[in-house]
Amino acid sequence: MAELGGPKGPAPKGLIALAVLGAAVILLPIVGLLARTPWSRLGELLGKPIVGDALRLSLITSFAAAGISLCLGLPLAWILSRTRFWGRSLLRAFVTLPMVLPPVVGGAALLFALGRRGVVGEPIYDLTGFALPFSVWGVILANTFVAMPFLVLTIEAALNNTDHRQEAAAATLGASRLAVFNRVTVPMIRPSILAGLVLAWARALGEFGATITFAGNLSGRTQTLPLAVFVSLEADRDAAIAISLILVVISVAVLLILRNRWWSTQ
Amino acid sequence: MGKLNRYLFGVLAAVSLLLGSCGSSSDDNELSVFAAASLAEVMDELVAAYTETSPGVNVAVNLAGSTTLKAQIFEGAPADVVLLANQATMSQLVDEDAVQAPQLAAANRMVLAVPADNPGGVKSLDDLARSDLLIGLCDSQVPCGATARNILDAAGVVASPDTNEPDVKSLVAKIVSGELDAGIVYTTDLASAGDELIRIDIDPSLYEPNVYPVAVVTDGDKPAEAQLFIDFVLSERGQSVLAASGFLPAEEVN
């Protein structure tokens, strides 16, 4: 086993054994999935309308959620890292809460807040007749709720690790705080922004619990790939496996491409 | 390094010890009952009543969807009694000789449920065709969704649901919270939701009610004890527990 820098000598056998075991925990289920895949019927299974609808919806909503997470999460990460105010630690704790909360709890909480009987949702519904649940907007919101913390955490960590002197220099030269943010801070942490974006997108793509609880399950409107897997699992297991395979392929492809393009240079 | 290894293996050893102690909690007196998820609440009451009449028996209940239970039994899961939410799944078990002589334990009818304040002004099944309402059904792949569609077909109502919920409990939750205007659920769901839902009856001639068949599992270790539990479920006492939760006695649909 070749080693990069650091102490020389063979890697300790104990560490290798545990690492192999660790990789097995993650890889074995994928092997199981591949072993059960009905390869000869794959084309027919993937041609089912439920699959195409779910794939299109999943791509739209996961990218939308990643985009919204970036627009709102980047400023949030900056505020958490670069400003001091009362309750900042508390805010940070709450911002990361969706990472720990069971997604189904998140979905129920979204209903209580933004459902048409929700604290905020009810006045909106009374005023406009618009309700988020059971709509594609509900899916995007549920995805954003679970995905944004990954982006905020990644970017905030990067901001905390950057050298403040460049920002200070730009400010001394007369740049406004917004200009420093746009022209110095953001370019400096670009790789981390992309990493956070990918993590958020991947989390949104796999989102299940919050989506089905808040947005329901309707093919073509709110049924994303994970929901399609879930409802197919009992009645049509081969279709469920085929859809799962799409999720694996998309995720691995995107993670590999982005990893090679942006992360290997670091 | 040795220190780290000892630490890591120590953690692994502790984890396996913990798992081992969890696994060994089952005892020889335990009767394993596999029951459909829709029976969750009533199973607690059935088991409590049964252990009252037969002290010393320890009943362990495994709840899941009927199809999942069938798969678990085919894969050799340790079950003594199986109680499912539909006849078709039980028939598949019978065909494979996985169970012996099923009997009907109870039946369940369906109703139209609307939130207590009835925001959509729903009066009958016909209202499910209104596009201005938010309508929920169970997914067609679970029994409550299949039956709901049979009802709508028989009534000639073309409903466009806004969501196909994966199980009846999540559908009920969304009607209770007022996020949906109406949905088709089981009579027993109304019994457990209390006055949070208004019940609109559905003409029973439109559909076959859901039945709950119960049977002894062929590969179980305790066929005699399993039969005793089934006898209890079918007894007057067992049937009164089921009736209190809104189930119909099985003989009404037999």
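Rules used throughout
- Residues numbered from 1 in each chain as written.
- Chains lettered and ligands numbered in written order.
- Predicted model: local features only at pLDDT ≥ 70, side-chain atom pairs only at ≥ 80, totals over all residues.
- Heavy atoms only, no water.
- Core = buried A, V, L, I, M, F, W, Y, C linked by side-chain atoms within 4.5 Å.
- Buried < 20%, exposed > 50% of the residue type's maximum accessible area, 1.4 Å probe, protein only.
- Helix = DSSP H or I, 4+ residues; strand = E, 2+ residues; numbered from the N terminus.
- Domains from an automatic or database assignment.
- Contact = heavy atoms within 4.5 Å.
- pLDDT = per-residue confidence, 0-100.
- Pairing = 2+ DSSP bridges.
- Salt bridge = Lys/Arg side-chain N within 4 Å of Asp/Glu carboxyl O.
- Buried area = accessible area lost by both parts, 1.4 Å probe.
- Polar contact = N/O pair within 3.5 Å; in protein donor to acceptor, adjacent residues only side chain to side chain.
- Nonpolar A, V, L, I, M, F, W, Y, C, P; charged D, E, K, R; others polar.
- Disulfide = S-S within 2.5 Å.
- Axes fitted to C-alpha atoms, helices over the stretch in contact; angles between N-to-C directions.
- Parallel < 35°, antiparallel > 145°, perpendicular 65-115°, else oblique.
- Left-handed = near helix turned anticlockwise from the far one by under 90°.

Membership of the largest hydrophobic core comes to 63 residues, with the highest contact counts inside it found for Leu39, Met43, Leu128, Ile184 and Val185 of chain B. At six residues, the largest contribution of residues to this core is made by helix H2 (residues 40-53) of chain B. Summarising the domain contributions, this core has at least three residues from each of domain 1 (27-107 + 211-252) and domain 2 (110-206) of chain B. Counting 18 residues, the second largest nonpolar core, distinct from the first, contains Leu74, Ala147, Val152 and Ala204 of chain A.

Let us now look at the side chain of Glu165 of chain B. Position of Glu165 of chain B relative to the elements: it lies in strand S7 (residues 163-165). On the basis of relative accessible area, Glu165 of chain B is assigned to the buried category, the value being 1%. Apart from the residues lying within four places of it in its own chain, the contact partners of Glu165 of chain B are Phe134, Ile212, Gly216 and Asn217 of chain A together with Leu137, Cys138, Asp139, Ser170, Leu171 and Lys174 of chain B.

Our next topic: the confidence of the model for chain A. Within chain A, residue pLDDT values average 90, and 96% of them lie at 70 or more. Averaged pLDDT values over the elements of chain A bottom out at 83 in helix H14 (residues 237-263) of chain A and peak at 96 in helix H8 (residues 136-161) of chain A.

All right, on to the pairing of strand S4 (residues 99-108) of chain B then. Residues and elements named next belong to chain B. Note: S4 against strand S10 (residues 210-217), seven bridges, orientation antiparallel. Bridge pairing in S10 places Val99 opposite Val217. One ladder, built from two bridges, connects S4 with strand S11 (residues 248-249); its direction is antiparallel. When the sheet's bridge partners are listed, Ala107 is paired in S11 with Leu248.

Time to look at the sheet that holds S11 of chain B. Pairing in this open sheet of six strands is mixed, and the strands run S2-S1-S3-S10-S4-S11 (chain B) from one edge to the other. Among the strands making up the open sheet, the edge pair consists of strand S2 (58-64) and S11 of chain B.

Below, the discussion takes up the environment of Ala226 of chain B. Residues and elements named next belong to chain B. Inspection of the secondary structure puts Ala226 in helix H8 (residues 223-234). Between the C-alpha atom of Ala226 and that of Val33, which follows or precedes it by 193 residues, the distance is 8.5 Å. Ignoring any residue separated from it by four or fewer positions in sequence, one finds Ala226 in contact with Leu31, Asp80, Val81 and Val216.

This part takes up the pattern of salt bridges. The tally for this structure, following the rule as stated, stands at 18 salt bridges over all chains. For Asp53 of chain A, the salt bridge goes to Arg56 of chain A, with nearest N and O atoms at 3.3 Å. With Asp53 of chain A and Arg56 of chain A both in helix H3 (residues 49-82), this residue pair falls three residues apart, about one helical turn. On the accessibility criterion, Asp53 of chain A (23% relative accessible area) is partly exposed. The partner of Asp201 of chain B in a salt bridge is Arg199 of chain B, and the shortest N-O contact between them spans 2.8 Å. Exposure remark for Asp201 of chain B: the relative accessible area of 54% places this residue in the exposed category. Owing to a relative accessible area of 44%, Arg199 of chain B belongs among the partly exposed residues under this scheme. Each member of the salt-bridge network shares a partner with another, and the members are Arg41, Glu44 and Asp238 of chain A.

This part is about the interface of chain B and chain A. Contact residues are listed per partner, giving 26 residues for chain B and 22 residues for chain A. Buried surface at the junction of chain B and chain A, summed over both partners, amounts to about 2100 Å²; 55% is from carbon and sulfur atoms. Sorting the residues of chain B by area buried against chain A places Gln141, Lys174 and Glu179 of chain B first, and these three jointly supply 26% of that buried surface. Counting every contact that joins chain B to chain A gives three salt bridges. Close ionic contact of Asp162 of chain B with Arg221 of chain A constitutes a salt bridge, the shortest N to O distance being 3.2 Å. Applying the counting rule to chain B against chain A returns 10 residue pairs in polar contact (both at pLDDT 80 or more). Elements with a contribution of two residues or more to the side of chain B that touches chain A: helix H1 (2-23), helix H3 (66-74) and S7 of chain B. Take the side of chain B that touches chain A: its biggest share by element is five residues, from H1 of chain B. In terms of residue class, the side of chain B that touches chain A is made up of 10 nonpolar, nine polar and seven charged.

The next subject is the state of the cysteines. As used here, a disulfide is simply a covalent bond connecting the sulfur atoms of two cysteines. All names here are of chain B. In the structure shown here, the tally under the stated rule is one disulfide over all chains. The residue that forms a disulfide with Cys138 is Cys144, at a sulfur-sulfur distance of 1.9 Å. Residues Cys138 and Cys144 share a disulfide whose torsion about the S-S bond is about -100 degrees; that sign makes it left-handed. The class of Cys138 is buried, set by a relative accessible area of 0%. Looking at Cys144, the relative accessible area reads 4%, which means it is buried.

Right, let's talk about the packing of H8 of chain A against helix H11 (residues 190-205) of chain A for a bit. Residues and elements named next belong to chain A. Two numbers describe how H8 lies on H11: the axes approach to 8 Å, and their chain directions differ by 160 degrees. One finds that H8 runs roughly antiparallel with respect to H11. Crossing angle aside, the handedness with which H8 passes H11 is right-handed. Residues Asn143, Val146, Ala147, Phe150, Leu151, Thr154, Ile155 and Ala158 of H8 pack against Ser192, Ile193, Ala195, Gly196, Leu197, Leu199, Ala200, Arg203 and Ala204 of H11.

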